[in-house]
Each structure stands twice: as structure tokens, then as C-alpha cells.
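# Reading the structure
Below, each chain spelled out in residue letters.
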Amino acid sequence: MGTHHKYSVPVDDDDDDDEELLLSSSNGLEDNTRPRQPVSSSEGRRISRRWERTIFQGTMVANIIILLVNLWLFIELMKRSSKLSIWDSTIYSPAQEAVAFESRPVDGLAEHSIYAGYPTPESDAAWNALMEGINLKIFPEEMTKLSQTSLEMRDGTGYLAVLGVYHELHCVKRLRKWFYRDYYYPNSTALEYNERMTHAEHCLEFIRQAAMCHGDITVTPFKWLHDAAGKVTEPTTQEGALHRCVRWDKLSSWAKSRRVDLFDPKLLKPEDH
């Protein structure tokens, strides 16, 4: 908080002693027959300055109180906004406690990304590590808050679920595999081809809806694109605009702390339980 300046009010150097009523010289009693002396100009100035000083001090105190209240409200608002997740307060998610924001450039450049390019064992390992938190446990009290149902764990400790961001990443991974289907599915039957095609179409539609749901309003500027000879060909978007991003390390750590093995045959209660 800034330094508060203590205002001092100038002292009236012209203050005189109060005038007294004259006493009768004959009997020592107050002479009530003598008219009161009118208030002197110095007395009037003194009263006026006292009122001005009182009003000034009161105004200063009120302004300081208002300033402190506004400062407190601003700090509380900033604290609240820093804790808000992308879901805000209208949709509950137990992952809200793991959401923090940062400004981060998003460039979409694939040349040096481990997640893009022709598949390699290294890129597959990177994708597998990225997806480690996809299947996780939601505790019973959290599922109650969600007002939803899901498959229950056999041990009764929770329910199987997935965060939306992992569903989106799963779809990107699926589309990547479909893009390089000659590498991943070299000997697909017609049935397998159709099944994977249907899954890819689902993922395209899911990502489209997710993008429109999030409604990222980051402004991306344009630049001119040049060919090899340096001739302008067309406008294209610039890369690296700053986006308001969730801190992935914090969110993924939360998800991985709850991850479960979906392929464990003893994980879930059977349907006929």
C-alpha cells in the first residue's frame, strides 16, 4: 500500500482571548442591563476556520476509508480471477483446484515438434507420455457434486472418468494415426478401415465442437507470404501470438495422480454386479 500523508491544518495565529462581559463596579454583579458586545471579526474567523478544519478532516478520513475499501475489493477480485478456471463457477469439476493460467505463445510449427512429423518410436513415446492422465478416478463425493453416473471401481473408491482436454488430445492422436495410416495400419481389412474412418470422423467433429465451445479470442495478426523467389503470394497468419493458457504441468500432474489402468480386468465392477 502506498504511503499515507498526514495532513496538518495551519494554526490560527490571530486567536485572541474570549471577550468577557463587563462586571458592575458598584455591586460586583454582572451588568445585565448592558447590551452584549457583538462577536468580533476575529471570533467569527476563528469559528469559521474551526468548521473548515472539521469538514476538511472529515472529508479526508472518508476519502481514505473509501480508498482502502476499493483497494480491498480490487485485491479480492484479483485473487478470485486468478483462481477461476476455464469452466468458471457454473460447472463443477474436481480439477478446478489444479487450474492455473499463464501467457504462452502458440505457434503451430511442426518442424521441430516431437508430436508432429512422420512417426518414430520417439514420437510415439512422447504421445504415450502425454496421454498418461487420460483415465482417472473421480471420488464418490465428487461424482455426487457432478450429478452424473459412471462406471464404478470394483473396490468402491470411485468412478472412471476422463477430462475433456484428454478427450481432445486423444482425438488429435487418433487423427494423426489416421493421417499416417499406412504406417500404423498397413494391413487393415475393409471392416477395420471403416471402423477407423468412423472414429476419425467422430474426432473431427468433437474437436470442431470443442474449439467453438472454448471460443479462444486471442488476436492473431497476418503477414505476407513469399515464394522462393521472394515474390508475394498471399497473406498468412503470423505464429506465436500469446494465449491465455492453462499450466499443463500442474493440470497433468493432478490427472496423473489419479490415473487408473483401464485394461486392468479387476478395475471395474462388472455390469451384472
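The text that follows walks through the structure, step by step, so that each part is easy to find. Since the model is a prediction, treat every value here as computed from it, not as a measurement.

### What about the packing of aromatic side chains?
- Per the counting criterion, the structure on display carries eight aromatic pairs.
- Each ring, one from Tyr118 and one from Tyr180, has its centre 5.5 Å from the other, and the planes form 80°; the classification is edge-to-face. On the criterion of sequence distance, the pair formed by Tyr118 in the loop between strand 1 (101-106) and helix 2 (121-130) and Tyr180 in the loop between helix 4 (164-179) and helix 5 (181-184) is long-range, its members being 62 residues apart.
- Take Tyr118: its relative accessible area is 54%, and that puts it in the exposed class.
- Members of the aromatic cluster, connected to one another through ring pairs, are Tyr118, Phe179, Tyr180, Tyr183, Tyr184 and Tyr185.
- The ring centre of Tyr185 lies 3.8 Å from the NZ or CZ of Arg196, which sits over that ring.
- Between the NZ or CZ atom of Arg244 and the centre of the ring of Phe101, over which it lies, the distance is 3.6 Å.

### A look at helix 4
- Here helix 4 spans 23 Å end to end across 16 residues, near enough to the 22 Å set by a 1.5 Å rise per residue.
- For helix 4, the set of buried residues is Tyr166, Leu169, Cys171, Lys173, Arg176 and Trp178.
- In the core, the buried residues of helix 4 are packed alongside helix 2, helix 5, helix 6 (190-214) and helix 7 (248-256).

Rules used in this analysis
- Residues numbered from 1 in each chain as written.
- Predicted model: local features only at pLDDT ≥ 70, side-chain atom pairs only at ≥ 80, totals over all residues.
- Heavy atoms only, no water.
- Phe/Tyr/Trp six-rings, centres within 6.5 Å; stacked < 30°, edge-to-face > 60°.
- Helix = DSSP H or I, 4+ residues; strand = E, 2+ residues; numbered from the N terminus.
- Buried < 20%, exposed > 50% of the residue type's maximum accessible area, 1.4 Å probe, protein only.
- Lys NZ or Arg CZ within 6 Å of the ring centre and 35° of its normal.
- Expected span 1.5 Å × (residues − 1).
- Contact = heavy atoms within 4.5 Å.

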